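The primary structure of each chain is shown beneath.
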Amino acid sequence: STRGTLRTDVVPGAIRELMPTSFDPDSLYNARIFQAYVDFLLARYPQVDVAEVFRHAGFTRAQISDEGHWFSQSQANLFHEKVMSLTRNPHIALEAGRYSASPRSMGMLRRYLLSLAGPAAVFGMHQRVARTHFSRAVQLTSKRISKRRIDIEVTPDPGIKYQHYQCENTIG
């Protein structure tokens, strides 16, 4: 299988030697997902002790800040379990997903792309970058169904036990 194989032919030789040629199949979810979640918690649930959530899930602040770091399904589950417990909100994943798509959470680049390209084009680009920047556990496809509607389908890869809270976060 070529899943996870890195193209090394486009990288200078000195750097190529430092780069991994594949990734750990247990490293499925990028730190960007959890950083957005933390931003949401700080904005909407400031009473939540984020350090406690990190300890429970086995995260460090450095890992969350590192956009090249990936977490396992069990770490994601532990993270969500603790966040749900501390907020006492069974729909926290849905709210966090909505927040991450809001203008408050959007970075400058996302706002710029959206202003130039429009939602349909951005969602089209998203399906190409989602796997390399957010989740290695799912396939994302989008299809324009009308002038103002886009159908987005997220399909877990075989063997991935995508949890209900992850569906809610994605829907958000």
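Everything quoted here is computed from the prediction, not taken from an experiment.

(A) Structural detail: the overall build of the chain. Scanning the chain for helices and strands turns up eight helices and four strands. Element order for the chain, N to C, with α for helix and β for strand: α-β-α-α-α-β-α-α-α-β-β-α. Each of the 172 residues in the chain was classed as buried or not, and the buried ones make up 31%. A sequence separation of at least 24 residues applies to 59% of the contacts in the chain between residues at least 6 apart.

(B) Unusual backbone geometry, seen in detail. With phi around 60°, arginine 88 is a residue other than glycine that occupies positive phi space. With respect to the helices and strands, arginine 88 occurs in the loop between α5 (73–87) and α6 (92–100).

(C) Just the side chain of histidine 80, in detail. Its location among the elements puts histidine 80 in helix α5. A relative accessible area of 7% means that histidine 80 is categorised as buried.

(D) Structural detail: the pattern of salt bridges. One pass over the full model with this rule turns up three salt bridges. Where lysine 82 meets glutamate 52, a salt bridge forms, and the shortest distance between an N and an O atom there is 3.3 Å. In this pair, lysine 82 sits in helix α5 while glutamate 52 sits in helix α3 (residues 50–57), placing the two residues 30 residues apart along the sequence. Overall, the relative accessible area of 17% leaves lysine 82 in the buried class.

(E) Quick look at the nonpolar core. Formed by 28 residues in total, the largest nonpolar core has its most connected members in Phe34, Tyr37, Phe59 and Phe79. Those elements that place two or more of their residues in this core are α2 (31–44), α3, α5 and α6. In terms of residue count, the dominant contributor to this core is α2 (six residues). When sequence neighbours within four positions are dropped, the list of residues in contact with tyrosine 37 reads Phe79, His80, Val83, Ile92, Ala93, Ala96 and Asn169.

About the cut-offs
- Numbering of residues starts from 1 in each chain and follows the order in which that chain's sequence is written.
- Note on the predicted model: pLDDT of at least 70 is required for a residue's local features to be given, and 80 or more for side-chain atom pairs to be given and counted; whole-chain, interface and lining totals, by contrast, use all residues.
- Side-chain numbers come from the whole structure's heavy atoms, not from hydrogens or water.
- In this description a helix means any DSSP run of H or I spanning at least four residues, a strand means any run of E spanning at least two, and both kinds are numbered starting from the N terminus.
- Three exposure classes are used, based on accessible area relative to the maximum for each residue type with a 1.4 Å probe and protein chains only: buried under 20%, partly exposed in between, and exposed over 50%.
- Should any heavy atoms of two residues lie within 4.5 Å, those residues are considered in contact.
- Salt bridges are identified by distance alone: a Lys or Arg side-chain nitrogen within 4 Å of an Asp or Glu carboxyl oxygen.
- Put simply, buried Ala, Val, Leu, Ile, Met, Phe, Trp, Tyr and Cys residues joined by side-chain atoms within 4.5 Å make one nonpolar core.

None of this, on its own, says anything about what the molecule does.
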